[in-house]
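Inside the fold
Single-letter residue listing:
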Amino acid sequence: MAEGGAAANPDLEPTGENSSATRCTSEESFASVNSQQELSHDENGDYHFVESSHSSQVLQGLNSLRLAGQFCDITICCEGSEYICHKIVLASFSPYFQAMFSADLKESRQTKITINGVEPAMMQLLIEYAYTSQVTITKTNVQSLLSGANLMRILPVRDACCHFMEKNMDES
């Protein structure tokens, strides 16, 4: 049994000649730590390790899973377009989706939902933002993107659209 009373998964156990322990030397370990990793020593002799690229690696992995259609549990329908996604990702970046999937609404039990009031191209941009933390705002999409971001309460995109509009206002 593994720590905490759970049975150990034999598929995750190390195998081969190094199965008894993971071997590394201090020189090898610290040499492999790149500039995006932080290792600090506290007064108890414990080390606190932070991998600053971890969150972006997780997002990349989730996006790869979405693009491959793996573990997707929701299809967003928007004016004839469909986007397969993970509820957990949508709920984590949008209070709109969090309320939809966690409350006792019928959508929380459905595998396909329809979103009204958002153009399909803007829905695609917002879903891609959820998985990449990136969105391209242009003069042609800013108003529709702002509307969709505002509806779904995606505040960073909403604020970026407002900032874009302020910087690109015509003085005429």
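Our subject in this report is the structure included herewith. (Residues numbered from 1 in each chain as written. Predicted model: local features only at pLDDT ≥ 70, side-chain atom pairs only at ≥ 80, totals over all residues. Heavy atoms only, no water.)

Once that is clear, we can look at the side chain of asparagine 63. Position of asparagine 63 relative to the elements: it lies in helix α2 (residues 54-67). For asparagine 63, a relative accessible area of 14% corresponds to the buried category. Excluding residues within four positions of it along the chain, asparagine 63 makes contact with Tyr131 and Thr132. (Helix = DSSP H or I, 4+ residues; strand = E, 2+ residues; numbered from the N terminus. Buried < 20%, exposed > 50% of the residue type's maximum accessible area, 1.4 Å probe, protein only. Contact = heavy atoms within 4.5 Å.)

The next point concerns the packing of aromatic side chains. Inspection of every chain in the model, using the stated rule, returns 3 aromatic pairs. Members of the aromatic cluster, connected to one another through ring pairs, are Tyr96, Phe97 and Phe101. The lysine or arginine in question, arginine 66, covers the ring of tyrosine 131, its NZ or CZ lying 4.8 Å from the ring centre. (Phe/Tyr/Trp six-rings, centres within 6.5 Å; stacked < 30°, edge-to-face > 60°. Lys NZ or Arg CZ within 6 Å of the ring centre and 35° of its normal.)

In this section: the state of the cysteines. Disulfide: a covalent bond connecting the sulfur atoms of a pair of cysteines. Here the structure, examined in full by the defined rule, presents 0 disulfides. Free cysteine cysteine 72: the closest other cysteine sulfur is in cysteine 85, separated by 6.8 Å. Residue class for cysteine 72 comes out partly exposed when judged on its relative accessible area of 24%. With no disulfide of its own, cysteine 78 lies closest to cysteine 77 among cysteine sulfurs, the gap being 8.9 Å. Judged by relative accessible area, cysteine 78 falls into the buried class, the value being 0%. (Disulfide = S-S within 2.5 Å.)

One face of the sheet, then the other: side chains in a regular strand alternate in exactly this way. Of the pairings in the sheet, the one linking strand β3 (residues 74-78) to strand β4 (residues 81-85) comprises 5 bridges and is antiparallel in character. The partner of threonine 75 across the bridge, within β4, is isoleucine 84. (Pairing = 2+ DSSP bridges.)

Quick look at the sheet that holds β4 now. Read from one edge of the open sheet, 3 strands run β4-β3-β5, paired in mixed fashion. Taken across any chain shown, the strands that pair with only one partner, and hence form the sheet edges, are β4 and β5 (112-114). When the angles between neighbouring strand axes are averaged without regard to direction, this sheet yields 25 degrees. (Axes fitted to C-alpha atoms, helices over the stretch in contact; angles between N-to-C directions.)

All right, on to the pairing of strand β2 (residues 47-51) then. Taken together, the 5 bridges between strand β1 (residues 37-41) and β2 define a ladder with antiparallel strand orientation. For serine 40, the partnering residue across the bridge sits in β2 and is histidine 48.

Its 13 residues place the ends of helix α5 (residues 120-132) 18 Å apart at the C-alpha level, agreeing with the 18 Å of an ideal helix rising 1.5 Å per residue. On its buried side, α5 packs onto α2, β3, β4, α3 (87-93), α6 (142-151) and α7 (155-167). Positive phi appears at serine 133, one or two residues downstream of α5, with a value of about 65 degrees. (Expected span 1.5 Å × (residues − 1).)

For the pair α2 and α5, the least separation of the axes is 8 Å and the interaxial angle reads 135 degrees. With respect to α5, the element α2 is oriented oblique. Residues Leu59, Leu62, Asn63 and Arg66 of α2 touch α5, and the partners they reach there are Ile127, Glu128, Ala130, Tyr131 and Thr132. Looking at the contact of α2 with α5, its residues break down into 5 nonpolar, 2 polar and 2 charged. (Parallel < 35°, antiparallel > 145°, perpendicular 65-115°, else oblique. Nonpolar A, V, L, I, M, F, W, Y, C, P; charged D, E, K, R; others polar.)

Attention now goes to the environment of valine 118. Checked against the element boundaries, valine 118 lands in the loop between β5 and α5. What makes valine 118 buried here is its relative accessible area of 2%. It is 8.5 Å that separates the C-alpha atoms of valine 118 and glutamate 79, two residues lying 39 residues apart in sequence. The contacts of valine 118, once residues within four sequence positions are left out, are Cys78, Glu79, Met123, Gly148, Leu151 and Met152.

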